[in-house]
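# Structural characterization, general
Take a look at the letters that make up each chain.
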Amino acid sequence: MKLKNSVAVLAAVALLAAGCGRDGSGTEETTDGSATQAVSGDFGDLKNLCQAGDAKSKSAQGVDAEIKLGVFTDVGFTKKTEFVDAAEVFTKWCNEAGGINGRKLVANTRDAKFMEVRQRMIESCREDFFIVGGGSGLDGLGVKDRLSCLLPAFPAQASQMQNTGSDLQIETVAGGAFYSPYAGYYTWLLKEGYPGSAKNVGLISGDSPVTKALEGQTKEMIQAAGGTLSYSELYPAQGVSDWTPYAQAIKSKGVKGLVFLGDFNSLSKLEQVLTSIDYKLDWIDANSNAYGPAFLQLAGPAIAGQNNLADLGGVHPLEDAANNPATQQVVDLFKKYAPDKPVTLQVVRAFTAWTLFAKSAASCGDDLTRKCVYEAAQKETAWTGGGLQAPLDLSQPDAPAKCFNIVQATPEGWKPADFKPDTGAYRCDAPAYKFKGDYGKPMTLADVGKTMSDFK
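Note that this is a predicted model, so its numbers are computed, not measured.

Conventions used here
- Residues numbered from 1 in each chain as written.
- Predicted model: local features only at pLDDT ≥ 70, side-chain atom pairs only at ≥ 80, totals over all residues.
- Heavy atoms only, no water.
- Helix = DSSP H or I, 4+ residues; strand = E, 2+ residues; numbered from the N terminus.
- Pairing = 2+ DSSP bridges.
- Axes fitted to C-alpha atoms, helices over the stretch in contact; angles between N-to-C directions.
- pLDDT = per-residue confidence, 0-100.
- Contact = heavy atoms within 4.5 Å.
- Phe/Tyr/Trp six-rings, centres within 6.5 Å; stacked < 30°, edge-to-face > 60°.
- Buried < 20%, exposed > 50% of the residue type's maximum accessible area, 1.4 Å probe, protein only.

### Re the environment of Q238
- With respect to the helices and strands, Q238 occurs in the loop between strand 8 (229–235) and helix 8 (244–252).
- In the structure, Q238 is positioned 32 residues away from G206 in sequence and 9.1 Å away in space, judged by C-alpha atoms.

Written as structure tokens, this is what we have:
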């Protein structure tokens, strides 16, 4: 299939897929000469994440009195500004708190516009110290260039297999490249939540290279969790004008549980038809791409007519921000620095990456090098981004996800489902499932003729 016909679905899938230092206390001068209390550099349970100091040596590319960081996004194509918004809010707050040992953070937006990943990566290789808090749907296209220039990354998300788990990259999203991140979710769905649906599971996927790989992994995981696929269908990447044939097929096959891999706009249309023909499934996996108010508004009355669920992968739900200081702090920072922008799941994931960079970079002091930051991050064995998510061992890049948390769509909004959490907002007994199929592999330094000894 020609790539140009798959762009719309790829964009949706890209969003599926879609963070101590010295004392930062003191004062700063206002324009009228009076003193005002400096912004606190604490974030969640991370003390002095950002702080004043006198670090200033030119220790690496992109490091001087400022630290230049690349933020990848597809905003020019998707019009989704989440990664750019998160970078703006985090850097404004951190810089007001003193920066990283006194150095100010500069976020360089690298808008890949979906098809220009290599061009933006080449620019980032030439100018940036690190890549932080972003992501692009076709990120696999830039891995070779990133590794060739030895540019490390702490992304908010990784989409393609070439990039997921690739060298010089630390991902703060649970689940390794070769393990299913949804083992806990599907096991709960099919064995605890809705066991009567296990023999009649359906799968609808957008017809594109990215979703095809994800489709294969999902089929394997469903079967491993005890499910039987009674219906599987692709839908055209350019969209569907009438979802009635799909809805009727789902009904005729007696599908009780449906996994939808694609954009939530299409899902909302399908659910409207399902509801109109009076067919309600036991559950629909709307995936975390649908998590937010937009899907609820699009689906309308179908929200009450169907049972939509999503696994947030161990990220604390936004609806319960008041009961989680770190999540509430993100909400408060957005109110201060970007009051017209929404706080979304992708924003939280970006903040988790930004906090990791800030803590790791602060630990390096004046001698700020890529290797120092990267190795500092690898020492985090229970990373939560200050409390934004369930603990994650960053020293083990290819490891199964242990914790998950499920939310349910209701007419009143998204709410936690009854999935029996055992660790705060999370359930941390997810089984480990390693894929048996061949879905590709992440790129390594060896693939570009490099080794870790080249990394400085």
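### Describing the sheet that holds strand 11 (residues 308–311)
- Overall, mixed pairing links the seven strands, which are arranged 8-7-9-10-11-12-13 in an open sheet. With partners counted over all chains shown, the strands left at the sheet margins are strand 8 and strand 13 (413–416), one partner each. Within the sheet, the average angular offset between the axes of one strand and its neighbour, ignoring direction, is 25°.
- For strand 9 (residues 257–261) and strand 10 (residues 283–285), the ladder comprises three bridges, and the chain directions are parallel. Of the residues in strand 10, the one forming a bridge with L258 is I284.

### Details of the confidence of the model for the chain
- The predicted model of the chain averages 91 in pLDDT, with 92% of residues at 70 or higher.
- Taken as a whole, residues 1–37 scores under 50 in pLDDT and shows 102 contacts with residues more than four places along the chain or in a different chain.

### Here we look at the packing of aromatic side chains
- Inspection of the entire model under this criterion finds 25 aromatic pairs.
- Pairing F435 with Y439 gives two aromatic rings, centres 5.5 Å apart and planes at 75°, and the pair type is edge-to-face.
- These aromatic residues form a ring-pair network of at least three members: F43, F90, W93, F334, F351 and W354.

### Let's talk about the sheet that holds strand 4 (residues 104–111)
- Reading across the sheet, the four strands line up as 4-3-5-6 and stay open at both edges, with parallel pairing between neighbours. Single-partner strands in this sheet number two, and they are strand 4 and strand 6 (153–154).
- Across eight bridges, strand 3 (residues 66–73) lies against strand 4 in parallel orientation. Paired with K68 across the bridge in strand 4 is V106.
- Seen against the sheet, helix 4 (residues 117–127) touches strand 3, strand 4 and strand 5 (130–132) and runs at an angle of roughly 170° to strand 3.

### Topic: unusual backbone geometry
- Phi is positive for K113, which is not a glycine, with a value near 50°.
- Inspection of the secondary structure assignment puts K113 in the loop between strand 4 and helix 4.
- In this structure, N287 takes a positive phi of about 60° despite not being glycine.
- Topologically, N287 is positioned in the loop between strand 10 and helix 10 (293–299).
- Given the relative accessible area of 6%, N287 is considered buried.

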